Amino acid sequence: MIRVNNLTKRFDDVSVLRDISLSVEPGEFIALLGPSGSGKTTLLRIIAGLEFQDEGEVLVDGRDVSGLSVRDRQVGFVFQHYALFRHMTVAQNVGFGLSVRKRNRPPKREIEARAQELLRLVQLDGLGKRYPSQLSGGQRQRVALARALAIEPKLLLLDEPFGALDAKVRKDLRRWLRDLHRQMGLTSIFVTHDQEEALELADRVVVMDHGVIEQIGTPEEIYMEPATPFVSHFVGETNHLPDGLHVRPHDLRIVEEGGEAVLVDNVFRKGGVWRVEGVLSGTGEIVEIDLDAGSPAPQPGATIRVQPLRSKSFGG
Ligand SMILES: Nc1ncnc2c1ncn2[C@@H]1O[C@H](COP(=O)(O)OP(=O)(O)OP(=O)(O)O)[C@@H](O)[C@H]1O
């Protein structure tokens, strides 16, 4: 459905996107994941038509859309700071995209009916007459989503849509968005720097750093088979063992002999496991180990020996 080919973008001679290529299948939910400044938003804005590339192309259904305006691209977008119109009611906000259409503008009554329907969909029926200031943050984000969906976009683009909300609301909205995405058969791309959000929501994750794609894969692939040291560090927690081994905290186990000696510094309960924090005697590197909470917890000050069950090394 979407193909991005060899995209390059510079701001004042600084490359913020370098040779980005990516394809998105119809119905996919894609996460762009990376640290601040990695180029996620710029890529999303170029796909939306809000920003233009220096080189490369964006194809939608096989057609080069580089010359098309935002409106003609039929994309819906929700940005963290893309505020609702304060002087308009919730229902008017939702109907906005349809009411400003130059071509095929539906009659007023139809727009109102469509807004009602969408408010029901985002579970805000009955609130159409309120103003944005009379809603909670989570409700506002759902209105923003309803507004984006009103134009029946081919593609939904979301930039940190739940960034400003507290953890619990975020989690609820996340789940709800995933269901909505499926129900409506949407194709969506969302930007996040929150790995948990990316792994939980996305069919595939695009991990970016410094304007390049480090890896594209399913959440499982990204977590279990990180392609680069950057991905291994950025997604999930990673320990460095001598010999260049990268090991997840839950992939270490305690052994009687052999392995690496670790001086235990701190032990605490982390959900269903003991999280042991310590220092590798050999290298002085900090290690984090997760142990089954059913097993006895090592004591701070003790020296234990650990061995990886599974590890990854990166050549070079
Ligand atoms: N209009 C602009 N003019 C100049 N530089 C820009 C402009 N927009 C973005 N940049 C720079 O491009 C780089 C990528 O920014 P971008 O917003 O795409 O990153 P991001 O990964 O979305 O980061 P964040 O998670 O902080 O939003 C940054 O270094 C940013 O400072």
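Residues numbered from 1 in each chain as written. Predicted model: local features only at pLDDT ≥ 70, side-chain atom pairs only at ≥ 80, totals over all residues.

Looking at an unreviewed UniProt entry, the protein carries the name Sulfate transport system ATP-binding protein, with the source organism given as Sphingobium jiangsuense.

1. Structural notes on the domain arrangement of the protein
Each domain of the protein was delimited in the assignment, giving domain 1 (2-229) and domain 2 (238-313). Placing the centre of domain 1 and that of domain 2 at their C-alpha centroids yields a distance of 40 Å. (Domains from an automatic or database assignment.)

2. Topic: the sheet that holds strand β2 (residues 14-24)
What the four strands build is an open sheet, ordered β2-β1-β4-β5; its pairing is antiparallel. Each edge of the open sheet is held by one strand with a lone partner, namely β2 and β5 (63-64). Pairing geometry for strand β4 (residues 55-60) and β5, over two bridges, is antiparallel. Looking at the pairing, Val60 lines up with Arg63 of β5. (Pairing = 2+ DSSP bridges. Helix = DSSP H or I, 4+ residues; strand = E, 2+ residues; numbered from the N terminus.)

3. Describing the pairing of strand β14 (residues 260-270)
With four bridges joining them, β14 and strand β17 (residues 303-308) adopt antiparallel strand pairing. Bridge pairing in β17 places Ala261 opposite Arg305. One ladder, built from eight bridges, connects β14 with strand β15 (residues 273-280); its direction is antiparallel. Looking across to β15, one finds that Phe268 is bridged to Arg275. As consecutive antiparallel partners, β14 and β15 are separated by two residues, and within that stretch Gly271 has a phi angle of approximately 60°, a positive value.

4. Points about the environment of Val247
Mapped onto the elements of the fold, Val247 is located in strand β12 (residues 245-247). Val247 gets classed as buried once you count the C-beta atoms within 10 Å, which come to 25. For the pair Val247 and Leu309, spaced 62 residues apart in sequence, the C-alpha to C-alpha distance is 8.5 Å. The residues touching Val247, leaving out its near neighbours within four places in the chain, are Asn239, Leu241, Leu252, Pro308 and Ser311. (Buried ≥ 20, exposed ≤ 12 C-beta atoms within 10 Å, placed from the backbone. Contact = placed C-beta atoms within 7 Å.)

5. Notes on helix α3 (residues 108-121)
For α3, built from 14 residues, the straight-helix expectation of 20 Å at 1.5 Å per residue is met to within 8% by its first-to-last C-alpha distance of 20 Å. The complete set of buried residues in α3 reads Ile111, Arg114, Ala115, Leu118 and Leu119. Viewed along the axis of α3, the buried residues span an arc of 135°, placing them on a single side of the element. Turned more than 90 degrees from where α3 packs its buried face, Arg109 and Glu110 sit exposed. Contacts made by the buried residues of α3 are with α2 (90-99) and α4 (137-150). Of the residues flanking the end of α3, it is Gln123, one or two places downstream, whose phi is positive at about 60°. (Expected span 1.5 Å × (residues − 1). Arc of directions from axis to C-beta.)

6. Focus: the site of the ligand
The environment of the ligand is formed by Phe11, Val16, Gly34, Ser36, Gly37, Ser38, Gly39, Lys40, Thr41, Thr42 and His193. With three residues, the single largest contributor to the shell around the ligand is helix α1 (residues 40-48). In the shell around the ligand, the residues fall into two nonpolar, eight polar and one charged. (Near = placed C-beta within 6 Å. Nonpolar A, V, L, I, M, F, W, Y, C, P; charged D, E, K, R; others polar.)

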